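Tertiary structure, described
These are the residues of each chain, in order.
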Amino acid sequence: MPRMIKREVNFLVHRRIFFIVSAVLVLAALIALPVRTVTTGSLLNFGIEFVGGSSMDFKSTGDLSIEQMRQAFDDAGQTGAVVQTTTDATTGESGFIVRVPITDAATASALADSIVSTLGLDAQSVEVNTINPSWGASVTRTSAIAFFVAIALIIIYIAIRFEYKMGLCAVLSLVHDLLIIIGIYAVTGREVTPNVVAALLTIMGYSLYDAVVVFHRITDNVGNTARHSFMTVANHSLNQVIQRTINTTLVSLIPVLAMLFFGGATLRDFAFAMSIGLLLGSYSSIAIATPVYALWKQREPKYKKLLSKFGDGLDEFTNVEQLGNE
């Protein structure tokens, strides 16, 4: 038999704390971006796919250390090289991926040959790929278009399915998540690659999923507002779906963490953004989307009367349903 909850968690009574925490995190992210721009000359550490450059994949490098590889590039006059270790999934042999801001294919190949000679590697062990800056600009443009089109479609769908206020609150929580993630990338200096952009677009889905699940439950429960303030109904709805939110997040997070700790460089780029986004998506549905929507709804004449009747706090929901009943 399903276990009935006797007392609900008053999530929304702590909404001011949630808002303060979120405001601090977003403000820190917004400060980190210009600070990084001033100190490094770049808003974020964009990969060569966005700014153009060359990627050199060194395979079968044996016991060669990352310090030796970096020193070889420094000695060759290429001090801006970004060096990452790799492991071949088939043979288990160690290697390196080195990114340099060289957009001329011949110059990049000559540099790679020089590094191979200096370190005594096999001439066939390196693969060089050069990306033109115009291609990077195209990737940036299409990524931005994809993001804004997705935002517009999300608002339209939620407005049709529920109401426009829900759509705007869901997007607000999504922007909150993305700003914090971008701030983390600015602080840590991690490279922003197309894999990170793909992760951010995927995060949009997870973040919105949690918010929409809560909004759907609020819509189902709104008939009980005759006996409660809208804030109480919203809090009750959160309690009904919180177990589902936790389960979904944990199940999604396990393979993402596996990719982060055991995957290759490409998978780690994707998994790092995903792991942060999954946690933030669950948090923002509780701390941003739901309380902002409830506060907005309480300003409507119908619910404003209930607010004056039941007060600004949260009264105990008198018709408590089982947690997670969906």
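Residues numbered from 1 in each chain as written. Predicted model: local features only at pLDDT ≥ 70, side-chain atom pairs only at ≥ 80, totals over all residues. Heavy atoms only, no water.

A word on the overall build of the chain. Within the chain, the secondary structure is distributed over ten helices and six strands. Each of the 326 residues in the chain was classed as buried or not, and the buried ones make up 45%. A sequence separation of at least 24 residues applies to 78% of the contacts in the chain between residues at least 6 apart. Approximately 16,300 Å² of the chain is accessible, and the part contributed by carbon and sulfur atoms is 63%. (Helix = DSSP H or I, 4+ residues; strand = E, 2+ residues; numbered from the N terminus. Buried < 20%, exposed > 50% of the residue type's maximum accessible area, 1.4 Å probe, protein only. Contact = heavy atoms within 4.5 Å. Areas by Shrake-Rupley, 256 points an atom, 1.4 Å probe, with all protein chains shown as cover.)

Residue position: aspartate 57 is located in strand E2 (residues 53-58). What makes aspartate 57 buried here is its relative accessible area of 18%. Engagement of the side chain of aspartate 57 in a polar contact is seen with the side chain of lysine 59, the distance being 3.0 Å. Discounting chain neighbours no more than four positions away, the residues touching aspartate 57 are Phe96, Ile97, Ser125, Val126 and Glu127. (Polar contact = N/O pair within 3.5 Å; in protein donor to acceptor, adjacent residues only side chain to side chain.)

Our next topic: the sheet that holds strand E5 (residues 126-131). Spatially, the four strands line up as an open sheet ordered E3-E4-E2-E5, and their pairing is antiparallel. Two strands bound the open sheet, and with one partner strand each, they are strand E3 (82-87) and E5. The average undirected angle you get between the axes of adjacent strands in this sheet is 15 degrees. With six bridges joining them, E2 and E5 adopt antiparallel strand pairing. Pairing of serine 54 across the sheet is with threonine 130, part of E5. Running over the sheet, helix H3 (residues 66-75) touches E2, E3 and strand E4 (94-100) and is turned about 35 degrees from E4. (Pairing = 2+ DSSP bridges. Axes fitted to C-alpha atoms, helices over the stretch in contact; angles between N-to-C directions.)

Attention shifts here to the pattern of salt bridges. In this structure the tally under the stated criterion is six salt bridges. The closest approach of N and O atoms between glutamate 191 and arginine 99, which form a salt bridge, is 3.3 Å. In this pair, glutamate 191 sits in strand E6 (residues 191-192) while arginine 99 sits in strand E4, placing the two residues 92 residues apart along the sequence. Like arginine 99, glutamate 191 is buried. One salt bridge in this structure joins lysine 297 and glutamate 300, with 3.1 Å as the shortest N-O distance. (Salt bridge = Lys/Arg side-chain N within 4 Å of Asp/Glu carboxyl O.)

Our focus in this paragraph is the packing of aromatic side chains. Evaluation of the coordinates by the stated rule reveals six aromatic pairs. Ring geometry for phenylalanine 58 against phenylalanine 73: centres 6.2 Å apart, planes inclined by 85 degrees, an arrangement best described as edge-to-face. Of this pair, phenylalanine 58 sits in strand E2 while phenylalanine 73 is found in helix H3, placing the two residues 15 residues apart along the sequence. Looking at phenylalanine 58, the relative accessible area reads 0%, which means it is buried. (Phe/Tyr/Trp six-rings, centres within 6.5 Å; stacked < 30°, edge-to-face > 60°.)

Another aspect to go through is the layout of surface pockets. In this model, the largest pocket occupies a volume close to 540 Å³. Broken down by element, the lining of the largest pocket gets its largest block of residues, six residues, from helix H6 (residues 164-188). Looking at the lining of the largest pocket, its residues break down into 18 nonpolar, two polar and no charged. Within this model, the second largest pocket holds a volume of roughly 220 Å³. Surrounding the second largest pocket, 16 residues form its lining, Asn45, Phe46, Val51, Val82 and Pro101 being those nearest its centre. Of all elements in the fold, only helix H1 (15-40), strand E1 (45-46), helix H2 (48-51) and E4 reach the threshold of two or more residues within the lining of the second largest pocket. The class makeup of the residues in the lining of the second largest pocket is seven nonpolar, six polar and three charged. (1 Å grid on protein atoms, 1.4 Å probe; cavity = no way out; pocket = protein on both sides within 12 Å on 5 of 7 lines; lining within 4 Å. Points joined across faces, edges and corners; volume = space filled by probe spheres on them. Nonpolar A, V, L, I, M, F, W, Y, C, P; charged D, E, K, R; others polar.)

Moving on, we get to empty space enclosed by the protein. Considering all chains together, one arrives at one cavity of 30 Å³ or more under this definition. As a volume, the largest cavity reaches approximately 40 Å³. Taken together, Tyr206, Tyr209, Asp210, Thr248, Thr249, Leu278, Gly281 and Ser282 make up the full set of residues lining the largest cavity. Put simply, the parts of the chain that give the lining of the largest cavity at least two residues each are helix H7 (194-221), helix H8 (230-262) and helix H9 (265-297).

Consecutive side chains of a regular strand alternate in pointing toward one face of the sheet and then the other. Most of E2 sits out of view: six of its six residues are buried. Going residue by residue along E2, you find Gly53, Ser55 and Asp57 tucked away on one face and Ser54, Met56 and Phe58 tucked away on the opposite face as well. In this structure, E2 lies alongside E4, joined through five bridges in antiparallel fashion. For serine 54, the partnering residue across the bridge sits in E4 and is valine 100.

A separate point is helix H4 (residues 105-119). An ideal rise of 1.5 Å per residue puts 21 Å on 15 residues; H4 measures up with 21 Å between its terminal C-alpha atoms. Within the sequence span of H4, burial applies to Ala108, Leu111, Ala112, Ile115 and Val116. In a view along the axis of H4, the buried residues occupy a sector of 140 degrees, so they form one face of it. With respect to the buried face of H4, the exposed residues turned more than 90 degrees away are Ala106, Ser117 and Thr118. Structurally, H4 contributes buried residues whose contacts are with E2, H3, E4 and E5. Just past H4, the residue glycine 120 takes up positive phi, approximately 70 degrees. (Expected span 1.5 Å × (residues − 1). Arc of directions from axis to C-beta.)

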